[in-house]
Amino acid sequence: EILSLVQQFGVRLLRFPKANSKLLGVVNSNEADFLSTHYRRIFDAVWGVNPNKCIFPDADFAFFLEEDLIVSHDFLDFFEQLLPVLKGDKTLFSASVRNSNALSSSPGDPSVVYRSESFLGRGWVVSQSSWRGTLEPAWP
């Protein structure tokens, strides 16, 4: 579904082959080390330190979608409404299309968005300023 969405909207898809610890150069790794290295590789490809080697050096935001995620028909509208909020509220890290703490009363109500302390990286958007200012300097 993600591939068809990318094709429909004509955006670029960055796809990494299924990696293992050896491929990523992580020795004696645990799952946290593996995921940290995997996400760092993705962020470097999107907003890397060398603008000539990254894909979207000037993009204000990047969307991250797992390939098996099934999105709703209004998923892009949802993000479009939240990008100005993310841009204006520096206390927000990201907007996500999935929340395991979602309430049964909120699905289908386009006026309801919850702020949460949890983060699930299935489908989310983050700003380059959050990456550069908060995440990148502290990344393991």
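Residues numbered from 1 in each chain as written. Predicted model: local features only at pLDDT ≥ 70, side-chain atom pairs only at ≥ 80, totals over all residues. Heavy atoms only, no water.

**Student:** Explanation requested: the packing of helix H3 (residues 31-47) against helix H5 (residues 128-138) in the structure shown.
**Tutor:** Think of two packed helices as two axes; the pair is described by the angle between the axes and how far apart they sit. Relative orientation of the contacting elements H3 and H5 amounts to 135°, with a least axis distance of 12 Å. The pairing of H3 with H5 is recorded here as oblique in orientation. Like other packed secondary-structure pairs, H3 and H5 cross with a definite hand, here left-handed. Seen from H3, the contacting residues are Arg40, Phe43 and Trp47; seen from H5, they are Gln128, Trp131, Arg132 and Glu136. (Axes fitted to C-alpha atoms, helices over the stretch in contact; angles between N-to-C directions. Helix = DSSP H or I, 4+ residues; strand = E, 2+ residues; numbered from the N terminus. Parallel < 35°, antiparallel > 145°, perpendicular 65-115°, else oblique. Left-handed = near helix turned anticlockwise from the far one by under 90°. Contact = heavy atoms within 4.5 Å.)

**Student:** I'm lost on helix H4 (residues 75-88) in this one. Help?
**Tutor:** Because an α-helix completes one turn every 3.6 residues, residues spaced three or four positions apart along the sequence face the same direction. Between its first and last C-alpha atoms H4 spans 21 Å; for 14 residues at 1.5 Å apiece the expected length is 20 Å, and the two agree. When the local axis directions of H4 are compared, the greatest deviation, roughly 30°, occurs at Leu82, which is followed within four positions by the proline Pro84. (Expected span 1.5 Å × (residues − 1). Bend = angle between axes of the 7 residues up to and from the residue.)

**Student:** Would you explain the sheet that holds strand E2 (residues 94-96) in this entry?
**Tutor:** To summarise the sheet geometry, strands pair through backbone hydrogen bonds and adopt either a parallel or an antiparallel arrangement. Ordered in space as E1-E3-E2, the 3 strands form an open sheet in which the pairing is antiparallel. This sheet does not close on itself; its edge strands, each paired only once, are strand E1 (61-65) and E2. Looking at each pair of strands side by side, their axes are set apart by 15° on average, direction ignored. Note that E2 and strand E3 (residues 123-127) share 3 bridges and pair antiparallel. Across the sheet, residue Ser96 finds its bridge partner in E3, namely Trp124. (Pairing = 2+ DSSP bridges.)

**Student:** In this structure, what is going on with the pattern of salt bridges? I would like to understand it.
**Tutor:** Overall, the coordinates contain 5 salt bridges when judged by the stated rule. With its nearest N and O atoms 3.8 Å apart, the salt bridge here joins Glu136 to Arg40. In this pair, Glu136 is assigned in helix H5 and Arg40 in helix H3, connecting sequence segments 96 residues apart. A salt bridge links Arg115 to Asp89; the shortest N-O distance between them is 3.2 Å. With Arg115 in the loop between E2 and E3 and Asp89 in the loop between H4 and E2, this residue pair connects regions lying 26 residues apart in the sequence. When its relative accessible area of 54% is taken as the criterion, Arg115 is described as exposed. When its relative accessible area of 24% is taken as the criterion, Asp89 is described as partly exposed. (Salt bridge = Lys/Arg side-chain N within 4 Å of Asp/Glu carboxyl O. Buried < 20%, exposed > 50% of the residue type's maximum accessible area, 1.4 Å probe, protein only.)

**Student:** How should H3 be read in this particular structure?
**Tutor:** With 17 residues, H3 should reach 24 Å at 1.5 Å per residue; the first-to-last C-alpha distance of 24 Å fits that figure. Those residues of H3 that sit buried are Phe34, Ser36, His38, Ile42, Phe43, Ala45, Val46 and Trp47.

**Student:** Mind showing me how you'd approach a nonpolar patch on the surface here?
**Tutor:** The grouping of Phe9, Val11 and Leu76 at the surface amounts to a nonpolar patch, some 260 Å² of accessible area in total. Tracing the backbone shows Phe9 in helix H1 (residues 2-9). A relative accessible area of 46% means that Phe9 is categorised as partly exposed. (Patch = residues over 30% accessible without salt bridge, like charges linked within 9 Å, V, L, I, M, F, W, Y side chains within 5 Å. Areas by Shrake-Rupley, 256 points an atom, 1.4 Å probe, with all protein chains shown as cover.)

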